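Residue-level structure breakdown
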Amino acid sequence: MSADTLSDVLEAVRLKSAVFFDVDTSAPWAAETPTAAVIGPAVMPGAGHVIEYHVLASGTCWAAPVDFEAPPVLLRAGDVVAFPHGDAHVMSSAPGLRGEEDLERFRQPDDAEQLPFLVNLNGGGAERAHLVCGFLGCDARPFNPLLDALPRILHLRSADDAASRAVAELARLAVKEAKDRRAGSGTMLSRLGELMFVELVRRYVETLPADSSGWLAGLRDRHVGRALNLLHGEPRRAWTLDMLARETGLSRSSLVERFSAFAGAPPMQYLQKWRLQLAARQLADSSDSIATVAERAGYDSEAAFSRAFRKMAGMPPAAWRNAATGKVGVRAR
């Protein structure tokens, strides 16, 4: 696996965790989470996309999507379930239960030190479960190859291996922070949430079958992983297909075929998308002129850059900058 490329993408899509819920339950209970498009403005104002995940600290429970057909997933203590694409879902004590959508429950307080939110779902029964629920924000546009490569439901079971122990330890720390509510717990939980998600992704990649396809599987492929490392390592270099083919030890046609099979686009098209994602980050994080950002992205003119950016991002560069800096709202995907 190419850890450098994965780290590069995680940084460029501005991954951030800001909100946690500490949920204590007794059966029967159900908690329903709306889609990211609905919940995003409430739970993480300004985030382009919201990913929800749940760590089961104790007991058992079920996770099920609301808007598409998939069997409910049974979680045991130490398991983690995530909904990377922001699908509406239900967490419950038994399959088939539905909860009420309450957006007010998800609204972020002005004082981050009030985090995490404490939720008690008391059904009156003896069977109990304790969850820590996190929300991560990231950029879904202009280009987020990681998000596109993740399944709609990501369930990682607790296991006796190093990766599982790392997730379990991060979850344990999150539960402790949620319980102790010490000064700075909001910031601590935010950082733990980011680390936990990264570890989840790493573990997911490591458990992919050998014949898997997609961008994440491409990180493990000898030739495609090498090409991705090169493109992400020097995105501003004047790459040509001939140069990349020589560096990866493949012919031009073999490289295009193999790279496209994993990454979903030929190498040069992928590079153009990635440069636009880097440009989006520069627009959000710097005061550089659009002309300067366009030049760094490899465009000869600001007009050509603006056309390409708008086609991918759905808005021109100036509007993206205004949205990313909070001058106007950004809708979740």
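Residues numbered from 1 in each chain as written. Predicted model: local features only at pLDDT ≥ 70, side-chain atom pairs only at ≥ 80, totals over all residues. Heavy atoms only, no water.

With respect to the pairing of strand S7 (residues 89-92)
Put simply, the rule is: Buried, partly exposed and exposed residues are distinguished by accessible area as a fraction of the type maximum, computed with a 1.4 Å probe on protein chains only: under 20%, between the cut-offs, and over 50%, respectively. A helix here means a DSSP run of H or I that spans at least four residues, while a strand means a run of E at least two residues long, and both kinds are numbered starting from the N terminus. Paired strands, in this sense, are two strands between which DSSP finds at least two bridges.
Here S7 shows a buried face lined by His-89 and Met-91 and a second buried face lined by Val-90 and Ser-92. Strand direction decides the pairing type here: strand S2 (residues 30-33) and S7, joined by 4 bridges, are antiparallel. If you follow Thr-33 over to S7, its bridge partner there is His-89. Where strand S4 (residues 60-65) and S7 come together, 4 bridges link them in antiparallel fashion. Of the residues in S7, the one forming a bridge with Ala-63 is Met-91.

Considering the nonpolar core
We apply this condition: Take the buried residues of types Ala, Val, Leu, Ile, Met, Phe, Trp, Tyr and Cys, join any two whose side-chain atoms come within 4.5 Å, and each joined set is a nonpolar core.
Counting 58 residues, the largest nonpolar core has Leu-146, Trp-215, Leu-216, Phe-259 and Tyr-270 as the members making the most contacts within it. Val-50, Leu-75, Leu-131 and Phe-135 belong to the second-largest nonpolar core, a separate cluster that totals 25 residues.

Concerning the pattern of salt bridges
For clarity, the cut-off: Salt bridges are identified by distance alone: a Lys or Arg side-chain nitrogen within 4 Å of an Asp or Glu carboxyl oxygen.
Applying the stated criterion to the full structure yields 11 salt bridges. The salt bridge involving Asp-24 is made with Arg-128; its shortest N-O contact spans 2.8 Å. Placement of the pair is Asp-24 in strand S1 (residues 16-26) and Arg-128 in strand S9 (residues 128-138), with a sequence separation of 104 residues. In this structure Asp-24 comes out as partly exposed when scored by relative accessible area, which is 30%. Judged by its relative accessible area of 44%, Arg-128 falls in the partly exposed class. One salt bridge in this structure joins Asp-285 and Arg-281, with 3.2 Å as the shortest N-O distance. A residue pair is termed a helical-turn pair when its members lie 3 or 4 positions apart in one helix, as Asp-285 and Arg-281 do in helix H10 (residues 267-285) at 4 residues. Within the structure, one salt-bridge network assembled from shared partners comprises Glu-11, Arg-281 and Asp-285.

Here's the deal with the packing of aromatic side chains
What counts here: What counts as a ring pair is set by centres within 6.5 Å for rings of Phe, Tyr and Trp (its six-membered ring), and what kind of pair is set by the plane angle: stacked under 30 degrees, edge-to-face over 60, tilted for all other angles.
The tally for this structure, following the rule as stated, stands at 6 aromatic pairs. With a centroid separation of 5.5 Å and an interplanar angle of 75°, the aromatic rings of Phe-259 and Tyr-270 are classed as edge-to-face. Of the two residues, Phe-259 sits in helix H9 (residues 252-263) while Tyr-270 sits in helix H10, which places them 11 residues apart along the sequence. Here Phe-259 matches Tyr-270 in class, with each residue buried. Here Phe-309 and Trp-320 contribute two aromatic rings whose centre-to-centre distance is 5.8 Å and whose plane-to-plane angle is 80°, an arrangement assigned as edge-to-face. Placement of Phe-309 in helix H12 (residues 302-313) and of Trp-320 in helix H13 (residues 317-324) is noted, with a sequence separation of 11 residues between them. Both residues of the pair, Phe-309 and Trp-320, belong to the buried class.

Some words on the environment of Arg-281
Going by this rule: In what follows, residue pairs with any heavy atoms lying within 4.5 Å of each other are defined as contacts.
Accessibility expressed as a relative area gives 25% for Arg-281, which makes it partly exposed. The spacing of Arg-281 and Asp-139 is 142 residues in sequence and 9.0 Å in space, taken between C-alpha atoms. Excluding its chain neighbours within four sequence positions, the residues that come into contact with Arg-281 are Glu-11, Ala-12 and Arg-14.

Read these as geometric descriptors, not functional statements.
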